[in-house]
Amino acid sequence: MKQTVTRSGVGTWTERKYDVEKAAGTLAFTDDLRFGPELLHARAVRSTVAHGEILSIDFSEALKVKGVVKVVTGKDFVHRFGLYLQDRTPMAIGKVRYVGEPVALVIAESEEAAEEGMLKVTAKFRELPPIFDPVKAATDNSVLVHPELETYDHVDFITPFPGTNIGNWFRIRRGDVDKAFSEAEYIVEEAVNCPQIAHGFLEPHCCICREDPATGDLTIWSTAQSAFALRDIVAKGLKYPLSKIRVIAPPIGGGFGGKAGMTVEALCLAGAMNPDVRGRPVKLYIPREEVLLTSWVRQAYVAKIKLGIDGEGKITAIRNTFYFDTGISAEYGANPVRSAGYSSTGCYYIPNVWTDSYAVYTNKPFGGAYRGFGLPELMGAMEVVIDIAARKIGMDPIEFRLKNILKPGLPTCTGMPMNNHALDTIVGKVVDRIRLNEKEPASRKGWVRGKGFALALKAPAMPADAASSAIVKILGDGTVEVLAATMDMGQGAYTAYSQMVSEELGIPIEKIRCPYPDTQSHPYDWQTVASRSCWSMGMAVKRAAADARQKLLALYAEYWQVEPESITIEHGIVKCRKKGKAEPIDEHIQSGFPMPDGNCKGGPVIGTGSFVPPDVIYPDPETGQSPKSVVHFTVGAVGIDVEVDPATGAVEVNKVSAGYDVGKAISPVNVKGQIEGGTVQGISAGLMEGMYYDERGRLLTPDFTDYKIATALDVPPDLDAFWEETPEELSPYGNRGVGEHSMISPAPAMDNALFDALGIRIHSYPLNRERVYKAIQAKKKGETDLWEYPYALEQSYKNAIKEWK
């Protein structure tokens, strides 16, 4: 018998947590926190060259500015940080590696004094040859971004190659690729490239750090989406005990991976831990103009994919090479490279696989986590090449996909069996809903119309030991506090957790509260990334709520002298129909029950739960094979209907249909929101976004004037979001992640739609108006493909042959 009854449990449509406070403007973000007159402000002095030796840093004039307290440089704070690979220092030491790298930090009594002081610091450099092209950097070692790479600490599953610019190399070796290609009826070899992309979150980075002068304890308030990962990175970098570092993560205004791990916190600590400053809180606020230089970007990539296909349209072999431009740091960017590598056959079963996925250092801002984590890059190329291949062998692209689809039980590229899914059903629905097989006239006079399709796939990209834990407290008035260190940055995690707790405790969702993370009060959680939270933390929350329920029922059973199984909790009321009892949860739940024997029993009811994936095994470093390389895959499909103005290259989206197999929609309002939001973000990335640099490595798109990003006006008028529910076996309620997946495939679906409309293939993202116009003009000259690399990238790509021994 189910012992709880609620109207706000798993699968119900509810109001989202914290939306009222956000709408009212009462939610306090990091920049809203007040520290009184003790607060100091910091500004970074940044490199003006992309690669060079630091000859001198003169801050004597800065110290003359009224209010400037201290100026520190890299030599004052020699610590190396990194989540997977410790290749970052907060400030340059001896050498700068990109335009914008901090070389000094000015600390002052006011923001104005800090800024004026920052402008007074002068640095001189001896410029060195930079390298910006990831393929050239991977294949030509004449310029090394990190010549000291061999001295950096890293986790076991990352494989940097000292003496090169390879920060990580992930590979798949399965079957006999050469033999399969020699026997193939068709061979299709194509390439796709994309520039770096910015996250575009609303709230810039902000951090306040303070060191207790008596104990050395550190407190960090930060716009961080993973409080415990930040604590761990700082502790390892400083060689500090975990217990002496407290991270408080107030609400954040969007992250998309750009606030994962550690971003600006170590730079702030360089000021707060200085002996002349210690004891006073130091605030580092990154102005919008510096955000694109100083936080993660999605890595640029060059992808080359070669397919072998037999006479029946079956893909028999694939050879992939992915060059990810990770900028000056692969400390986090090493993992998207792995994620793309162990998903490198996409949604398809291919028996013979050869994949090389590289994180390549260049003299650009650092690459790292971004919504989708390696998969928008992989699928942005794969789903275009699949479309090309189908057309080249004369097969319908949908039929070609379905013929090769990775059905449940078939091995993925790492050898693990594919989990259950309903991708066939989703494909059928998307095809029907956008009338993919129906050629329709354009609704705009003089425009042309096309429709495109792409599949999506993603697993949570996380190490095998990514653990979560949660605490559920039932308070003395029947309300509940859930301590789960996930950062709810808009995805609705706290709503989902509240629904889980409501499901397990029978308490209405409006009585359940999830405070924002604090490492001093919350139990450990690895990170809020990878679309893992409702699955991994969800397991911990469910277990904690069930633990609290069992304790509550046991107390009432003894109190009422009945069996626990005869008790129910209905809408916050504890009932035993057998005895005609019904009581709201009250102060007995925290102060104890007067039992029939005269003793008082109980005390605060606190449930605990924890979870770590029990069966993930790291892929073999030589072959990439593993019995279970990831916890599960979420799959889906996107169809897009577009129109193009041949006179200008302008593109308008008529309709999008996007569906995913989520296993179980814990919080439907949030699942719908994630699919809609991710689809718009994917369209934005595919149509508009890209970071560009001049020949000296200076960013040409540092703000939203030049860096184009979708606005509300760009949302498609008809956005159809749906999902299927094929339960996941190991899961709180059968659910799988879906937070990032909708971002993955709008771009390739758009590329395929433009080909359908124009008859020319565009191999370079973004598919902006200028590039589409070029393609239209090229088509008039008889061209069938448009492929644009910045600078000399194309030539170096053609010459790129990398062999590792």
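Note that the structure is a prediction, hence the values are computed from the model and not measured.

### Considering the overall build of the chain
When helices and strands are tallied, the chain shows 19 helices and 31 strands. By the compact-globule yardstick of 28 Å for 805 residues, the chain fits well, its C-alpha radius of gyration being 27 Å. C-alpha atoms of the chain, sized along the principal axes, occupy 95 × 70 × 55 Å. Per-residue burial for the chain yields a buried fraction of 64% across its 805 residues.

### Quick look at the pattern of salt bridges
A complete count under the given rule lists 57 salt bridges for this structure. Here E440 and K451 are joined by a salt bridge, their closest N and O atoms 2.4 Å apart. Of this pair, E440 sits in the loop between α12 (423-433) and β17 (448-458) while K451 sits in strand β17, and the two are eleven residues apart along the sequence. Accessibility assignment for this pair places E440 and K451 in one class, buried. Connected through shared salt-bridge partners, E383, D387, R391, R401, D751 and R761 make up one network.

### A few points about the UniProt feature "domain: Aldehyde oxidase/xanthine dehydrogenase a/b hammerhead" (unreviewed entry) in the chain
Summarizing the sequence annotation, UniProt attributes the feature "domain: Aldehyde oxidase/xanthine dehydrogenase a/b hammerhead" (unreviewed entry) to residues 24-129 in the numbering used throughout. Between the end C-alpha atoms of residues 24-129 the distance is 52 Å, and the span holds 14% helix and 33% strand.

### Describing the domain arrangement of the chain
When cut into domains, the chain gives domain 1 (4-27 + 465-611), domain 2 (33-128 + 202-254 + 262-292) and domain 3 (300-410 + 419-462 + 617-803). In this structure, domain 1 and domain 3 have C-alpha centres spaced 39 Å apart. Interface area for domain 1 against domain 3, summed over the two sides, is near 2,200 Å², with a carbon-plus-sulfur share of 64%. Taken as a group, W13, S531 and W535 account for 33% of the area that domain 1 buries against domain 3, more than any other trio of residues on that side. In this structure, the connection of domain 1 to domain 3 is made through zero salt bridges. If you look at where domain 1 meets domain 3, you find eleven residue pairs in polar contact (both at pLDDT 80 or more). Here the side of domain 1 that touches domain 3 takes six residues from helix α13 (residues 493-505), the largest share from any one element. Classifying every residue of the side of domain 1 that touches domain 3 by side-chain character gives twelve nonpolar, twelve polar and six charged.

### Topic: the sheet that holds strand β10 (residues 206-211)
Sheets are built from strands that pair by backbone hydrogen bonding, the pairs being arranged parallel or antiparallel. What the seven strands build is an open sheet, ordered β4-β6-β2-β13-β10-β11-β12; its pairing is mixed. Both edges of this open sheet fall to β4 (68-73) and β12 (245-248), since each of them pairs with a single strand only. Recorded for the sheet is a direction-independent mean angle of 20° between the axes of neighbouring strands. Where β10 meets strand β11 (residues 218-222), five bridges bridge the pair, whose relative direction is antiparallel. From the neighbouring strand, C209 faces β11, where its bridge partner is I220. Sheet strands in contact with helix α6 (residues 227-238) are β11 and β12, and its direction is about 150° off that of β12. Contacting β2 (40-46), β4, β6 (102-108), β10, β11 and β13 (282-285), helix α7 (residues 265-272) runs over the sheet at an angle of about 35° to β10.

### Some remarks on the sheet that holds strand β26 (residues 605-611)
With respect to topology, four strands assemble into an open sheet ordered β20-β19-β18-β26, the strand pairing being mixed. Of all the strands in the sheet, the pair left with one neighbour each is β20 (512-513) and β26. Sheet topology places strand β18 (residues 468-474) next to β26; seven bridges connect them, and they run antiparallel. Bridge assignment links I474 to a residue of β26, and that residue is V605. Relative to the sheet, α13 contacts β18, β19 (480-484) and β20, its axis offset from that of β19 by approximately 125°. Packed onto the sheet, helix α14 (residues 533-560) meets β18, β19 and β26 and runs at close to 150° relative to β26.

### Remarks on the packing of α13 against α14
At a minimum axis distance of 9 Å, the contact between α13 and α14 shows a crossing angle of 30°. The orientation of α13 relative to α14 falls into the category roughly parallel. Remark: the crossing between α13 and α14 carries right-handed chirality. On the side of α13, the interface is formed by A496, Y497, M500, V501, E504 and L505, while α14 contributes S533, C534, M537, G538, V541, K542, A545, A546, A548 and R549. A per-class count over the contact of α13 with α14 returns eleven nonpolar, two polar and three charged.

### What to know about the pairing of β10
Most of β10 is tucked away: five of the six residues are buried. Here β10 pairs with β13 via four bridges, running antiparallel. Paired with C209 across the two strands is V282, which belongs to β13.

### Description of α12
Taken residue by residue, α12 has L423, I426, V427, V430 and V431 as its buried positions. What you see down the axis of α12 is that its buried residues fit within an arc of 130°, all on one side. Looking at the buried side of α12, the elements it contacts are α11 (397-404), β17, β27 (634-644), β28 (651-661) and β29 (718-724).

Each value, and the rule that gives it
- Per chain, residues are indexed from 1 in the order of the written sequence.
- Local features in this predicted model are restricted to residues of pLDDT 70 or higher, and side-chain atom pairs are both shown and tallied only at a pLDDT of 80 or more, whereas totals for entire chains, interfaces and linings draw on every residue.
- No hydrogens and no water enter the side-chain calculation; it runs on all heavy atoms of the structure.
- For the purposes of this entry, the term helix denotes a DSSP run of H or I that reaches at least four residues, the term strand denotes a run of E that reaches at least two, and both are numbered from the N terminus.
- Here the globule rule is a power law, 2.2 Å times the number of residues to the power 0.38, and the radius of gyration is based on C-alpha atoms.
- Remark: exposure states derive from per-residue accessible area (1.4 Å probe, protein chains only) relative to the maximum for the residue type, with buried under 20%, exposed over 50%, and partly exposed in between.
- Definition used for salt bridges: Asp or Glu carboxyl oxygen within 4 Å of a side-chain nitrogen of Lys or Arg.
- UniProt positions are given in the numbering used here, feature names are shortened, and annotations may be inferred rather than shown by experiment.
- Segment limits for the domains were obtained from an automatic or database-derived domain assignment.
- By buried area we mean the combined loss of accessible area, with a 1.4 Å probe, across both parts when two parts are placed together.
- Pairing of N or O atoms within 3.5 Å defines a polar contact, subject to two protein rules: one partner must be a possible hydrogen donor and the other a possible acceptor, and residues neighboring in sequence count only if both atoms are side-chain atoms.
- In the scheme used here, Gly and all other residues not listed as nonpolar or charged are polar, with Ala, Val, Leu, Ile, Met, Phe, Trp, Tyr, Cys and Pro taken as nonpolar and Asp, Glu, Lys and Arg as charged.
- In this description, strands pair whenever DSSP reports at least two bridges between them.
- Fitted lines through C-alpha atoms serve as axes, helices being fitted only where they are in contact, and the angles separating the N-to-C directions of these axes extend from 0 to 180 degrees.
- The contact rule is simple, with two residues in contact once any of their heavy atoms fall within 4.5 Å.
- For classification, angles of less than 35 degrees are called roughly parallel, those exceeding 145 degrees roughly antiparallel, those between 65 and 115 degrees roughly perpendicular, and all remaining angles oblique.
- Note on convention: near helix rotated counterclockwise from far helix by under a right angle means a left-handed crossing. Clockwise means right-handed.
- This arc is built from the directions going out from the helix axis to the C-beta atoms.

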